[in-house]
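Below are the chains, spelled out letter by letter.
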Amino acid sequence: MALAPEVVGGLVHQVVSPEAELTDREIEVVTLLAQGLGNRAIARSLFLGEATVKTHLVRIYRKLGVENRAAAVSEALRRGLVEVGGPH
């Protein structure tokens, strides 16, 4: 069974493309997340609406390839994007 060329090309692109980088704002959000803050506290700290924080979280999860807050913090720590106790 062979894969269509466009499928193979898409898979190869996913494998060889670099990991998506977080924006400075997304790093701020995940740093506060790592400090244990909830969405409302993150929003207040960064002068954002809660809906905006949720949007940032969705993008962070996608870029880090995770599905929840704990996994996002763990992956951000693993990648050196945040440090325990403060920003990178």
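Structure: see above.
These lines cover the structure that appears in this document, whether it is placed above or below. (Residues numbered from 1 in each chain as written. Predicted model: local features only at pLDDT ≥ 70, side-chain atom pairs only at ≥ 80, totals over all residues. Heavy atoms only, no water.)

What follows is about helix H5 (residues 69-78). Of all the residues in H5, the buried ones are Ala 72, Val 73, Glu 75 and Ala 76. Mapping the buried residues of H5 onto a view down its axis gives an arc of 170 degrees, with all of them on the same face. When the buried face of H5 is taken as reference, the exposed residues oriented beyond 90 degrees from it are Ala 70 and Arg 78. Summarising the contacts, the buried residues of H5 are in contact with helix H2 (24-34), helix H4 (50-64) and strand S1 (82-83). Taking the backbone nitrogen of Ala 70 as reference, a side-chain oxygen 3.2 Å away marks Asn 68 as the first, capping residue of H5. Downstream of H5 by one or two residues, Gly 80 has phi in the positive range, about 75 degrees. (Buried < 20%, exposed > 50% of the residue type's maximum accessible area, 1.4 Å probe, protein only. Helix = DSSP H or I, 4+ residues; strand = E, 2+ residues; numbered from the N terminus. Arc of directions from axis to C-beta. Contact = heavy atoms within 4.5 Å. Polar contact = N/O pair within 3.5 Å; in protein donor to acceptor, adjacent residues only side chain to side chain.)

Attention now moves to the nonpolar core. Grouped burial of nonpolar side chains is what soluble globular proteins tend to show. Counting residues in hydrophobic clusters, the biggest one holds 18 residues, and the most contacted among them are Val 30, Leu 33, Ile 42, Leu 57, Ile 60, Leu 64 and Ala 72. Of all elements in the fold, only H2, helix H3 (39-46), H4 and H5 reach the threshold of two or more residues within this core. The element best represented in this core is H4, accounting for 5 residues. Once you skip the residues sitting within four places of it in the chain, Leu 57 turns out to touch Val 29, Leu 33, Asn 39 and Arg 69. (Core = buried A, V, L, I, M, F, W, Y, C linked by side-chain atoms within 4.5 Å.)

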